[in-house]
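Overview (structure and organization)
This is what each chain is made of:
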Amino acid sequence: MTVVEVSACGKKIDPPDNKSLLPSKVFSLLIEGIAQNTTGSVFVPEGGGAPELSGSPTEKAILQWGVNLGMDFLSVRLDSVIIHAFPFNSEKKRGGVALKVSDSEVHVHWKGAAEIVLACCTSYIDTDDHVVPLDEEKLSSYKKAIEDMAVESLRCVAIAYRPYDAKSVPSVAAELENWQLPESDLILLAIVGIKDPCRPGVKDAVQLCTNAGVKVRMVTGDNLQTAKAIALECGILSSGTDATEPNIIEGKTFRTLTESQRLDIADKISVMGRSSPNDKLLLVQALRKRGHVVAVTGDGTNDAPALHEADIGLAMGIQGTEVAKESSDIIILDDNFSSVVKVVRWGRSVYANIQKFIQFQLTVNVAALIINVVAAVSVGNVPLNAVQLLWVNLIMDTLGALALATEPPTDHLMRRAPVGRREPLITNIMWRNLLIQASYQVTVLLILNFRGRDILNLQNDDKDHAFRVNNTLIFNAFVFCQVFNEFNARKPDEVNVFKGVTKNRLFMGIIGLEVVLQVIIIFFLGKFATTVRLSWKLWLVSIALGIISWPLAAIGKLIPVPEKPIAEFFTKKIRRERNSDDG
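Read on for a plain summary of the structure. Quantities reported herein were computed from a predicted structural model and do not represent experimental measurements. (Residues numbered from 1 in each chain as written. Predicted model: local features only at pLDDT ≥ 70, side-chain atom pairs only at ≥ 80, totals over all residues. Heavy atoms only, no water.)

This paragraph deals with the overall build of the protein. Scanning the protein from terminus to terminus reveals 22 helices and 17 strands. Here the protein has a C-alpha radius of gyration of 36 Å; the compact-globule value for 583 residues is 25 Å, and the former is much larger. Taken along the three principal axes of its C-alpha coordinates, the protein extends 120 × 75 × 45 Å. Per-residue burial for the protein yields a buried fraction of 45% across its 583 residues. Long-range contacts, defined here as pairs at least 24 residues apart, represent 67% of the contacts in the protein between residues at least 6 apart. Summing over all exposed atoms, the protein offers an accessible surface of approximately 29000 Å²; the carbon and sulfur share of this is 58%. Positive and negative side-chain charges of the protein, numbering 61 and 64 respectively, have mean locations separated by a distance of 10 Å. (Helix = DSSP H or I, 4+ residues; strand = E, 2+ residues; numbered from the N terminus. Rg over C-alpha atoms; globule rule 2.2 N^0.38 Å. Buried < 20%, exposed > 50% of the residue type's maximum accessible area, 1.4 Å probe, protein only. Contact = heavy atoms within 4.5 Å. Areas by Shrake-Rupley, 256 points an atom, 1.4 Å probe, with all protein chains shown as cover. Lys, Arg positive; Asp, Glu negative; His and termini not counted. Charge placed at Lys NZ, Arg CZ, Asp CG, Glu CD.)

Next up on the list: unusual backbone geometry. Of note, the bond from Asp14 into Pro15 is cis; its omega dihedral lies within 30 degrees of zero at 0 degrees. Locating Pro15 in the fold gives a position in the loop between strand E2 (11–13) and helix H1 (24–36). Unusually for a residue other than glycine, Lys93 sits at a positive phi of about 65 degrees. Take Lys93: it is sitting in the loop between strand E5 (81–89) and strand E6 (94–100). Among the residues examined, Lys93 registers a relative accessible area of 9% and is labelled buried.

Another point: the sheet that holds strand E16 (residues 312–316). A sheet is described by the order of its strands in space; here three strands give the open sequence E15-E16-E17, paired in parallel fashion. In this open sheet, the two edge strands, each paired with only one partner strand, are strand E15 (295–298) and strand E17 (330–332). Across the sheet, the axes of successive neighbouring strands diverge by a mean angle of 25 degrees, strand direction being ignored. Judged from the three bridges that link them, E16 and E17 form a sheet pairing that is parallel. If you follow Ala315 over to E17, its bridge partner there is Ile331. (Pairing = 2+ DSSP bridges. Axes fitted to C-alpha atoms, helices over the stretch in contact; angles between N-to-C directions.)

Once that is clear, we can look at the nonpolar core. By size, the foremost hydrophobic cluster in this structure holds 48 residues, and its most contacted members are Leu445, Phe475, Phe478, Val479 and Phe507. Elements with a contribution of two residues or more to this core: helix H14 (338–379), helix H15 (386–405), helix H16 (428–455), helix H17 (463–490), helix H18 (505–524) and helix H20 (536–547). Looking at which element gives the most residues to this core, the answer is H17, with 14 residues. Excluding residues within four positions of it along the chain, Val479 makes contact with Trp391, Val392, Ile395 and Gln518. Membership of the second largest hydrophobic core comes to 31 residues, among which are Val6, Ala8, Ile62 and Met71. (Core = buried A, V, L, I, M, F, W, Y, C linked by side-chain atoms within 4.5 Å.)

Together, Val516, Ile520, Phe523, Phe524, Leu525 and Phe528 make up a nonpolar patch on the protein surface, roughly 570 Å² of accessible area in all. Considering each element in turn, the nonpolar patch owes the most residues, four residues, to H18. Of the residues examined, Val516 reaches a relative accessible area of 47% and is grouped as partly exposed. (Patch = residues over 30% accessible without salt bridge, like charges linked within 9 Å, V, L, I, M, F, W, Y side chains within 5 Å. Salt bridge = Lys/Arg side-chain N within 4 Å of Asp/Glu carboxyl O.)

As summarised here, the arrangement of the three strands in space is E12-E14-E13, forming an open sheet in which the pairing is parallel. Lying at the two open borders of the sheet, with one neighbouring strand each, are strand E12 (218–219) and strand E13 (248–250). For E13 and strand E14 (residues 271–273), the ladder comprises three bridges, and the chain directions are parallel. Pairing of Ile249 across the sheet is with Met272, part of E14.

Another aspect to go through is helix H11 (residues 277–289). Taking 1.5 Å per residue as the helical rise, H11 with its 13 residues ought to reach 18 Å, and the 19 Å between its terminal C-alpha atoms agrees with that figure. Regarding H11, the residues found buried are Pro277, Asp279, Lys280, Leu281, Leu282, Leu283, Val284, Ala286 and Leu287. Along its buried surface, H11 packs onto E12, helix H9 (251–256), helix H10 (259–266), E14, E15 and helix H12 (304–309). One or two positions beyond H11, positive phi appears at Gly291, with a value near 95 degrees. (Expected span 1.5 Å × (residues − 1).)

With that out of the way, let us pick up empty space enclosed by the protein. One pass over the full model with this rule turns up three cavities of 30 Å³ or more. A volume near 100 Å³ is recorded for the largest cavity. Around the largest cavity sit 14 residues that line it, and Lys356, Thr410, Leu413, Arg490 and Lys491 are the ones nearest its centre. Counting residues per element, the lining of the largest cavity draws most heavily on H14, which supplies four residues. Broken down by class, the residue content of the lining of the largest cavity amounts to four nonpolar, four polar and six charged. Taken as a whole, the second largest cavity spans an internal volume of roughly 60 Å³. Gln359, Arg432, Asn433, Ile436, Gln437, Asn485, Asn488, Ala553, Gly556 and Lys557 together form the lining of the second largest cavity. Taken together, the elements giving at least two residues each to the lining of the second largest cavity come down to H16, H17 and helix H21 (549–556). The dominant element in the lining of the second largest cavity, judged by the number of residues it contributes, is H16, at four residues. Considering only residue class, the lining of the second largest cavity consists of two nonpolar, six polar and two charged. (1 Å grid on protein atoms, 1.4 Å probe; cavity = no way out; pocket = protein on both sides within 12 Å on 5 of 7 lines; lining within 4 Å. Points joined across faces, edges and corners; volume = space filled by probe spheres on them. Nonpolar A, V, L, I, M, F, W, Y, C, P; charged D, E, K, R; others polar.)

Here it is, written out as structure tokens:
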């Protein structure tokens, strides 16, 4: 942040660092106010070099301006003594200090939101170092200067002071501690416009959030004009026509509304200017009552209630206070809004990967259960024995989880609508895919179980050998169905299941490992797994049965599914039946 525009002595100071354009009295008072009325500091290295500044971004910008004007920070600090301070208050939007400059004189310096400090001023210092009353014409010109700065997305800060009789200052420590700094009849020294440039990539990040169904709202302490200009620059507002109530609203207007009125307009708000931390909290509460999942960013101690109230609190890692960090769920280490997009991206990726694994696991479970139960009930023998099911379970749980849960995030995830608070984990799309694959596997493998000897021309073979060949084929085909279905599980809602598959080396490695281990089981672990070696033709049959799951999945994804979750149909039916019974 940098001071790029200054209005003082009734005129624009251009360039703002030009000391010669400021009268000596205004210059000395400005330097005094900048150095003393601050929570920041300036450190000049002993060996020379650029001074190092500390404090908030706004404080550092004003201190840098003072340094550019020729301020000797340590020397100015030693010239007067702070006898009382009023730290910057987010409610009053200003902060002040009382300085003892001599035994008889005290200077009270104020700094804060331009229009608020200007409203407390009754005079200013002109170019001749004379204190002049602030008439309507000059007041209007200063207000116009503030508006012009705000339109250029500059943060406007006013610096003012007033002399005070040292005898009127409480002498008792207890009274001095509770002393209210005089904040009326101030003398305006300067209005500065601070450029708070958008970080590179912020506009793109806001657009990505919008495309992902995440509405970005800006809640700021800046005035409405500045907030509007920054929102347009960032892409939060698409055009100037959007900058009308209730899209853009002032904090005090929002807080004076009734709770029902706040609920009505909360969805429409895009920008809230001149807001207090409590306004931020009220907005979060209203949005949550409307059923939204709310994430809040914040860095100050006053942001803690809103961070705690939100579903997801995001604290700034660099500028954030410890209180803000403790109240949040996630800490953004680089203080960059673009990192919020990464949070959304990875959050959706983890959720989607869990869904992929559940779809894959349920397909295996349903198919294996139905095949064994039907076979056991009808003929008394199960085609998949305990050892074979343990191997299938290993594919399904351990290796399947590693393969599907480690899928990296994709751009496709950022084009999905957000998942609602009460939406089921297993979606209609997952049920469709599951039923298609499970039905196919159950049908094909039960046909092999009942008619396998005839289909494979094993009638002339030994009955026991034919039984073992048939069951080994069923086991081999079942495993290959799962191997090929893992590809389908990668993209539950996309036809092209191979997109980006080669980038996930772990997935490819696990698929290769499963195939190799299956070959070893069939060829070398026959006694252990109760299998026999298969001919190359039966291997091709097993692989072909597995590959069919790919075109089947592609065709299945063309079948539309209702948006309403299936569970709701059943719950509504149960409720109707209960109501009819009660009636």
